[in-house]
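# Coordinate analysis (summary)
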There are 4 protein chains.
Amino acid sequence: MMIIMKSNATPQEVEHVIEHIKAVGLSVHLSQGVETTIIGAIGETHNIPTEQFEVLDGVEAVQRITQPFKLASRQFHPENSVFPLDGFTIGGEELPVIAGPCSVESRSQIIETAQAVKEAGASALRGGVFKPRTSPYSFQGLGEEGLEYLAEARQQTGLPVVVEIMSQVQIEVMVEYVDVLQVGARNMQNFNLLRVIGETQTPVLLKRGLSASIEELLMSAEYILAGGNKQVFLCERGIRTFETATRNTTDINAIPVLKSLTHLPVILDPSHSTGHFDYVAAIARAAVAAGADGLIVEVHPDPAHALSDGRQSLKPERFAAMVKQVGQIAEVMGRRLVNVQTGEKPQSAIASSHS
Amino acid sequence: MMIIMKSNATPQEVEHVIEHIKAVGLSVHLSQGVETTIIGAIGETHNIPTEQFEVLDGVEAVQRITQPFKLASRQFHPENSVFPLDGFTIGGEELPVIAGPCSVESRSQIIETAQAVKEAGASALRGGVFKPRTSPYSFQGLGEEGLEYLAEARQQTGLPVVVEIMSQVQIEVMVEYVDVLQVGARNMQNFNLLRVIGETQTPVLLKRGLSASIEELLMSAEYILAGGNKQVFLCERGIRTFETATRNTTDINAIPVLKSLTHLPVILDPSHSTGHFDYVAAIARAAVAAGADGLIVEVHPDPAHALSDGRQSLKPERFAAMVKQVGQIAEVMGRRLVNVQTGEKPQSAIASSHS
Amino acid sequence: MMIIMKSNATPQEVEHVIEHIKAVGLSVHLSQGVETTIIGAIGETHNIPTEQFEVLDGVEAVQRITQPFKLASRQFHPENSVFPLDGFTIGGEELPVIAGPCSVESRSQIIETAQAVKEAGASALRGGVFKPRTSPYSFQGLGEEGLEYLAEARQQTGLPVVVEIMSQVQIEVMVEYVDVLQVGARNMQNFNLLRVIGETQTPVLLKRGLSASIEELLMSAEYILAGGNKQVFLCERGIRTFETATRNTTDINAIPVLKSLTHLPVILDPSHSTGHFDYVAAIARAAVAAGADGLIVEVHPDPAHALSDGRQSLKPERFAAMVKQVGQIAEVMGRRLVNVQTGEKPQSAIASSHS
Amino acid sequence: MMIIMKSNATPQEVEHVIEHIKAVGLSVHLSQGVETTIIGAIGETHNIPTEQFEVLDGVEAVQRITQPFKLASRQFHPENSVFPLDGFTIGGEELPVIAGPCSVESRSQIIETAQAVKEAGASALRGGVFKPRTSPYSFQGLGEEGLEYLAEARQQTGLPVVVEIMSQVQIEVMVEYVDVLQVGARNMQNFNLLRVIGETQTPVLLKRGLSASIEELLMSAEYILAGGNKQVFLCERGIRTFETATRNTTDINAIPVLKSLTHLPVILDPSHSTGHFDYVAAIARAAVAAGADGLIVEVHPDPAHALSDGRQSLKPERFAAMVKQVGQIAEVMGRRLVNVQTGEKPQSAIASSHS
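What you see as residue numbers is a count from 1 along each chain, following the sequence as written. Just so you know, chain letters begin at A and ligand numbers begin at 1, following the order they were written in. Given that the model is predicted, a residue must reach a pLDDT of at least 70 before its local features are reported, and side-chain atom pairs must reach 80 or more before they are shown or counted; all residues, however, enter totals for whole chains, interfaces and linings. Only hydrogens and water are set aside when side-chain values are computed; all heavy atoms of the structure are taken into account.

### Overview of helix H6 (residues 191-198) of chain D
Residues and elements named next belong to chain D. Of all eight residues in H6, seven are buried; the element is thus mostly enclosed. Among the residues making up H6, those that are buried are Phe191, Asn192, Leu193, Leu194, Val196, Ile197 and Gly198. Contact criterion: two residues are considered in contact whenever any of their non-hydrogen atoms come within 4.5 Å of each other. Only DSSP runs of H or I reaching four residues or more are called helices, and only runs of E reaching two or more are called strands; each is numbered from the N terminus. Among the structural elements, strand S10 (161-165), helix H5 (171-177), strand S11 (180-183), strand S12 (204-207) and helix H7 (214-227) are those in contact with the buried residues of H6. A simple rule labels every residue: compare its accessible area, found with a 1.4 Å probe on the protein chains alone, to the largest value its type can have, and call it buried under 20%, exposed over 50%, or partly exposed in between.

Next comes the structure, spelled out in structure tokens:
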């Protein structure tokens, strides 16, 4: 950490900063230039807020040199993290495509969709049961009933299920049912939730907040990693900008930036990042070409009657076409789509406990 | 709601949309122009998502005419809402200033600060005990111990206390101790939290999310109001933009816009909206001049040793100067600062239950 | 255009709006619902500002139905525009890669770079001679001397040259020398400049402004098209958002959105849209996978000594690797990179007039 | 300037950076810490781009210490700049209000408006004659004819006139007619234009670009100052953000931030920064309360028939009410509105040369 003094800082002010650095257990490196004095604070600085120094008299600015995250950092862990995910891996050569409806709406809807997306080449099934809806008057999800239907869909298709958790009070029931806990954009900085997830061993799909910086996304991953859960993968899902032609702006730059900063797998959600089914396939292809480790896509058998997010949902046929295109791009990138085995899945412990 | 058809939409597509409108219980008003057919969907549309129509074949766009919120709307409730708040009111002629540290750090710190801010003219005390921190390595708050100290500060000064709630599991302890529940920017769309707060009768300070639109802020207020809790006041605290000279961009426009859209009181937080103590007084004055109904300001007796947000905290002397300036602006606006009675407050039920 | 009246609008206010619509030559379609009256204004509305109606008493909002641009619209011109560009085409199956330094710095630098990028697979040469620099103390370009060097580079390599025009006073000299006039992001709404360019027949590369919406980009294209110059192609080059990890945020969504709204070719500039050479290849691949019709990339033989934009410039070797990857993605998309003929170009009229 | 080396930088890489620093005429201050080596580059760094160092091998990041602007900086010129402006001053105790229509539409319209705004308390007259319009089909201004009308309005009312310049080719005619050259948001980085303005001695109102940072605004001022024209005042006019409830987001923070960074006067344009007449007075009051040195406001006698910006224009009565409120806020701030003398102005040199 470097503390840059004002050009008119007094020797007393410089001395006071030095004492403050020592008081928090760091060592000091003083550099007196013609225009400015710079004081280096050296040691374990990632857990010391820069503000402590910014408010001292005579200080112009404080600059971090090292990143404020550690466990998530590629400096700390240079190799890509590759996690097993119920029959396949994420972060390595295999490239999973997670697909399914925004919300689980009924038993038949989720089972029908699961079969359709599997046939079209999906490697996992998504479906919300607790829904974060902007309006209190919108459909709020089926709750635990929806989890039962997902378990059944899982058993019939063999697809692992990815479900969003909305609150720390849902952790027990969720861990029992789901293969991957999804943390939604609105909860990326729900630190209480991140902490309880960090105490489980269930893989986590952490979505970037609507206006979260890449650094903040990595700090939220750090919360989970610091709790002991190492199976975190990140998801770019569009950020909020001035452009209104699309629901969000896909930050495609985030793919190569994240891949350089962290060892964690990074996927992209072209449904939320565009908000319109017409643009999903183009952005899915772009994501894989940019180096993404996977995709999560909304698919609904009948978007016009979807209870949520119909506008951005693909029909199964369109999804199948998208998977085919993505597969070709993956090949150019030296990757391959996950090849899901056919036939029913042997009942897993989780699914059987509810049958 | 108006459904605008594509210029090349077929009569069958138009017919299909009309059937869909009727199916959701709305009536139809057809308007066939030269270039375009527009279909009005009339009735209780605020709980029907526009997407249902956007995905139908032949539809170009769907436009809401009425606002998607109702209880929060000034159309529905033309008069300003004025709430009593432990000795004074908010939303009327009186203009409260809530002040205190970002975090409760110790018994002496909060009691000392409470006395200092009271003396300087504050009408309520703020202080966090559960802290949403970006880094898992930062100070996370004193928890219930902090609430005890706040109760003591309250008893000694008579200032009602405003405390942030972070999770639905904290609702019981919070309601017991605090006068106003604060919902922070990161939780503005934590709908589970909004719902449990809606079931209480404790006044709520709802802060705007970092990238929440004004409409989304009002939809979040609608969640609380729909639950039965009518005492909601809103807080502009800065939005995230490209400008990095300040921590956030104070959306001062939100003050007159909110005052025209809603009857709920609106306050401003110049500490978070600027991020730097040097700019707090200027923005506090601007807020009141723009029509804000109050302020919430971070004050710390020793910002350099604050465990959080030191850079944006005012020392008590600076805060006192700010209150004086704000009082003069308030007078021009036909408002007046709350005149807090001196002397100890008679022990309230809440405070005494913990003494 | 639809004028939505306030729920409490009087019959006189409705009548007044109707008169206003007729006065500007439009016809009226009245639609009186239970909650609201909507008045359609039908006819040639694209040149009538919505504001004229927004300020009338009793008006709640005004909504356009048809797009405010016409010549640029795919509705008006459903087929892709394909332009010849000195030996190849843009907008069709061929996919050109324009490459070169930010600034022409010297004769040897531009000729050396031209040869290097041609060898690496570039189809055209870029190079600035009038530089828009944020600081008055930065290198401002070589001016006409730079154009001479570009002409020489063009003659030696056969690559057509793309050069930014900064002001309407440069139009004559530019038209004489360059194959493509580039309008930079800062000049996207320099309407005086757009008008003079519209009067030429030189192809135009129109870059999106830093915070221009997609609609505004198309309106700027409309200025040029309306002047009579039909050879306009558009360039996404990153927009300004809150994210600071990259210089700009590549709006990859803009590629499929523009391709659906307009018939004009669309290319992407991964150098400016990322600001860092490390991310250029990933975003170049993504652009082509998303459907872009070409790329423009900064290449410099010695980025550390570049007088501008060194950080985002590729060395020729890295550029060659990028072209190879992009070529493979193009193939998947059913496109192919332009195959530049080897050998010197026969002296063209433009080049020879200066030799 | 500080060059922060990567933790694994080699001694050769450090040495190479040191040589590079010396080669550009700066001296070196080396600081080798445990984790990182930092190299200070000391001397006149404001005209050296940081990129030169960012691209060198082994460099992690480069940080400026001193600001990249100089003549505009308060460090360089601690006292407020106060300019005389035809009968009053800007930047001192007096607080001018510039008012008038978006566009000069006719002789009678501008003269009528000039008299109305003068009566209501305006200190200067604005009016556009070359209009930057998003659509090529919108009204583009009266050109020189409009300047004649403005000169006449000036003569009749004594109000100095503020007119936007759109292109360097207009400089001669503009300097002859106008009292203040306005540089619009879209031209803030039209560096050719800034340079020609810098060579005049006409006062300049420089508006902030739609997505320009505060630092970039000051760099554009620097262009003009570096040319020799010292009479520059800055204008906050709203920035583009995700919020669509208003046309732009007024960056009220920019007022105190600019006042601390620069000695130049700073005014605010509440018409463009909100886009709606309903919000103009609130934001005008806020601006003055935040420390602005003046205001520029759109006023039109008949907004419904304005050829541009009708929605954000005040009628003269509303403007008069606004001036009254602003005057009271100014008094609290220790400022006062300019008291324009009544009666005709003695013909000035400029006006008489055209009568």
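### Observations concerning the relation of the copies chain B and chain A
One copy of the chain maps onto the second through a rotation about an axis and a displacement along it. All copies are superposed by least squares; the fitting set is the C-alpha atoms of residues with a pLDDT of at least 70 in both. Superposing chain B onto chain A takes a rotation of 180° plus a shift of 0.0 Å along the axis, which leaves an RMSD of 0.0 Å. Both chain copies can therefore be described as sitting about a two-fold axis. The position closest to the rotation axis in chain B is occupied by the C-alpha of Ser211 of chain B, lying 3.0 Å away. Here 98% of the interface residues in chain B have copies in chain A that are interface residues too; the copies meet face to matching face.

### A short note on the environment of Met188 of chain D
Residue and element names in this part refer to chain D. If you trace the backbone, Met188 turns up in the loop between S11 and H6. Among the residues examined, Met188 registers a relative accessible area of 1% and is labelled buried. Taking the C-alpha atoms as reference points, Met188 and Glu331, 143 residues apart in sequence, are found 32 Å from one another. Those residues in contact with Met188 that sit more than four places away from it in its chain are Val183, Leu194, Leu206, Lys207, Arg208, Gly209, Ala212, Glu216, Leu217 and Ser220.

### Structural notes on the environment of Asp302 of chain D
Residues and elements named next belong to chain D. Positionally, Asp302 belongs in the loop between strand S15 (295-298) and helix H11 (316-332). Its relative accessible area of 34% is what places Asp302 among the partly exposed residues. As a C-alpha pair, Asp302 and Leu210 span 92 residues in sequence and 27 Å in three-dimensional space.

### A look at the interface of chain C and chain D
Between chain C and chain D, the residue contacts involve 47 residues of the former and 47 residues of the latter. Together chain C and chain D conceal approximately 4,200 Å² of surface at their shared face, both sides included; 52% is due to carbon and sulfur atoms. Just to be clear on terms, a salt bridge is a Lys or Arg side-chain nitrogen sitting within 4 Å of an Asp or Glu carboxyl oxygen. The tally of links from chain C across to chain D stands at four salt bridges. Residues Arg311 of chain C and Glu54 of chain D are paired through a salt bridge, measuring 3.2 Å at the closest nitrogen-oxygen approach. The definition of a polar contact used here is a pair of N or O atoms within 3.5 Å, where within protein one atom must be able to donate a hydrogen and the other to accept one, and adjacent residues in sequence count solely through side-chain atom pairs. At the boundary of chain C with chain D, the tally comes to 11 residue pairs in polar contact (both at pLDDT 80 or more). Looking at the side of chain C that touches chain D, the elements with two or more residues in it are helix H2 (51-54), helix H6 (191-198) and helix H7 (214-227) of chain C. Considering each element in turn, the side of chain C that touches chain D owes the most residues, five residues, to H7 of chain C. Gly is placed with the polar residues, together with every amino acid not listed as nonpolar (Ala, Val, Leu, Ile, Met, Phe, Trp, Tyr, Cys and Pro) or charged (Asp, Glu, Lys and Arg). Residue composition of the side of chain C that touches chain D, by class: 18 nonpolar, 19 polar and 10 charged. Buried area is understood as the total, over both parts, of accessible area removed when two parts are fitted together, assessed with a 1.4 Å probe.

### Things to note about the sheet that holds strand S1 (residues 2-5) of chain B
Residue and element names in this part refer to chain B. Strands are labelled as partners when DSSP assigns at least two bridges between them. Across the sheet, four strands lie side by side as S2-S3-S1-S4; this open sheet has antiparallel pairing. The open sheet has two free edges, formed respectively by strand S2 (27-32) and strand S4 (59-63), since each of these has just one partner strand. Across the sheet, the mean angle from the axis of one strand to that of its neighbour is 20°, orientation sign disregarded. As judged from the three bridges shared by S1 and strand S3 (residues 37-42), these two strands associate in the antiparallel manner. Its bridge partner lying in S3, Ile4 is registered against Ile38. Angular values range over 0 to 180 degrees, each being the angle between N-to-C directions of two axes fitted as lines to C-alpha atoms, with helices fitted over their stretch in contact. Together, S1, S2, S3 and S4 form the strand contacts of helix H1 (residues 11-23), whose direction differs from that of S3 by roughly 10°.

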